[in-house]
Amino acid sequence: MNALVALCHFCELHGPRTLFCTEALHPPSPSPSSQAGAPVPGDRDGDREGEGLTMRANSSATQRGEMCEGCRSLPASHPGFVSIDDETGIRFLSHQHPRQPQLFSVVRQACVRSLSCEVCPGREGPIFFGDEQHGFVFSHTFFIKDSLARGFQRWYSIVMVAMDRIYLINSWPFLLRHLRLTIQSLQSTALKVFDSEQGVCPQRAVRMNSVFSPAVFPHQRSGNAARSLTSLTQHPNLWASLHSSFSWLLKACGSRLTEKLLEGAPTEDTLVLIERQTEQEEEMSCWEGAEGGGAKSQRHQSESDLGHDFLCDDAKLDELPGPKFRSLRHLRQVIGAAEFRQLVWHVLMGNQVIWRGADPGLIQSAFIVLKSLLPVGCVRSVPYSAQYEEAYKCNFLGLSPDVAVPAHVSSSEFSVVVDVIAKTGCQTAAITEDNISALYQFTISSANTQPTDRGPTLLNKLEVALSNENLSVDVVSHCLLCLKEEWMNKVKVLFKFSKVDGRGREDTQKVLALLGTTGPGEEDNVRLLKFWMTGLSKTYKSHLMTAVRGGERSPSQ
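Read on for an overview of the structure. None of these values were measured; they are calculated from a predicted model. (Residues numbered from 1 in each chain as written. Predicted model: local features only at pLDDT ≥ 70, side-chain atom pairs only at ≥ 80, totals over all residues. Heavy atoms only, no water.)

## Overview of the overall build of the protein
Looking only at helices and strands, the protein has 23 helices and 12 strands in total. Burial status across the protein gives 44% buried among its 557 residues. For the protein, restricting intrachain contacts to residue pairs at least 6 apart in sequence, the fraction spanning at least 24 positions comes to 71%. (Helix = DSSP H or I, 4+ residues; strand = E, 2+ residues; numbered from the N terminus. Buried < 20%, exposed > 50% of the residue type's maximum accessible area, 1.4 Å probe, protein only. Contact = heavy atoms within 4.5 Å.)

Structure, rendered in structure tokens:
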């Protein structure tokens, strides 16, 4: 990541100062001369020589004369710290100031603004500022306890400077979470030193009993201003530890978000996944910021893992222990063609699908296979639970065999229950994992009286592909993907026509006929379209509503 992390301090004598800075140096691009063995400008020896000259290059004699102990981290003769990433060849360099004069002025301005005008309410916490010319800054200000300072505390900030505004904003939850860990470590260490010093000599009583005069005050203030962060924390390897933390932060922040080339517009599934991931990161950061956030964040994380397992894929399917369903065709072969059609019909209609059995791995594999029939936005899954969950919470629910389904659910036409019953008297050692029918018996029950053999059209086409043994599992998967994209496009047209434009029922019927959803199975097709409409991404809906409002305003303007 092309960014820079710096620790800044507000000195009572000299104002805002940069204490410690970590930057990343990318390896030079290969050239014919370097491949032939010629020395490359900026090699390791040259860089180490430049690292030793960092302080002398960026600090004049006047600047060194103005620096007190509180403004200095490493002496001018110190070569700094270097870490090399073996995978990428990137070098992370740490010293009091950046190597390049241009970066020195950028960091200096970020330091001054973070400790003067760009401050969040309470003077402690994160804030974002910057511009295209001087870069964008993520700043987190905080206090460190000091028994000799005014107010018994000193003001610091950690800033990350980058030219990419979007990347820095998207990294806000990640940066906030990890910078708080570094800040809390510094504060807790300094608090122990503060308590021990106060126990030996309480400064509050000393100051109240001392004689105050204008002549003595400047000397008292000058004597208390020159305490370094090392003395405040009594950490012998403080700067090496900060170098490790800042280097890891730059590396992790650069690798967590990667650019991906998309051929065409992103699909609705991609947009929904991005939105859900963003919401989870924001909620986690909110829990961590609240009092007692640790327990709440753990509870929220467990609920998130339980209710949003939509990120499961084929890799997760292979990791499940014991017998499992491999594909839709495998599921159809095990439970039977008629039962499979009934089950898939309920899935496509948005009804609650309940699997009840003693094998959580088998039930989860069934959900992974069945979820491929729906857009990601329509999936709400609880893989395995010891109690019943209402349909508004999940449309895929796994239950242990001793959990009773409520009467209003079992008698409802909007749910289907699949009981997985283990067969007795079979030798499991001689049975392969794929031969699930030899291990379990499946019973499907539902109060639905509507025939499922007419539609929807998507199900009819899917069954034709599954029954064709000449098509491999991968070909059937691509066929299903094309069918889902086709029907999602129909959903978008219907949403625009009925929800956004507010057309009447007669006009909507004409659109349905134009989309090819009328005829046999028309009722099922309409139900499918309405259910899938709930899976549209917020990004698409917001874009559509904005475009419509803009079109309404343009004629009047």
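## A look at the sheet that holds strand β11 (residues 415-422)
To summarise the sheet geometry, strands pair through backbone hydrogen bonds and adopt either a parallel or an antiparallel arrangement. Taken in spatial order, the five strands of this open sheet run β9-β10-β8-β11-β12, and their pairing is mixed. Lying at the two open borders of the sheet, with one neighbouring strand each, are β9 (381-385) and β12 (440-445). Between one strand and the next, the sheet's axes are offset by a mean angle of 15 degrees, whatever the strand orientation. As paired strands, β9 and strand β10 (residues 396-399) are joined by three bridges and run parallel to one another. Bridging across to β10, S385 finds its partner in L399. Set on the sheet, helix α17 (residues 360-371) makes contact with β8 (352-356), β9, β10, β11 and β12; between it and β9 the angle comes to about 170 degrees. (Pairing = 2+ DSSP bridges. Axes fitted to C-alpha atoms, helices over the stretch in contact; angles between N-to-C directions.)

## So, empty space enclosed by the protein
Across all of its chains, the model carries two cavities of 30 Å³ or more by this definition. A volume near 60 Å³ is recorded for the second largest cavity. Taken together, V106, Q109, A110, R113, F129, G130, D131, H134, G135 and V137 make up the lining of the second largest cavity. Broken down by element, the residue count for the lining of the second largest cavity peaks at four residues, all from helix α5 (residues 101-114). Tallied by class, the residues present in the lining of the second largest cavity amount to four nonpolar, four polar and two charged. (1 Å grid on protein atoms, 1.4 Å probe; cavity = no way out; pocket = protein on both sides within 12 Å on 5 of 7 lines; lining within 4 Å. Points joined across faces, edges and corners; volume = space filled by probe spheres on them. Nonpolar A, V, L, I, M, F, W, Y, C, P; charged D, E, K, R; others polar.)

## Some details on the pairing of strand β3 (residues 81-84)
Summarising the sheet, β3 and strand β4 (residues 91-95) pair through four bridges and their orientation is antiparallel. Bridge pairing in β4 places S83 opposite F92. With antiparallel pairing between neighbouring strands as the criterion, β3 and β4 make up a hairpin whose turn holds six residues, including G89 at a positive phi of roughly 80 degrees.

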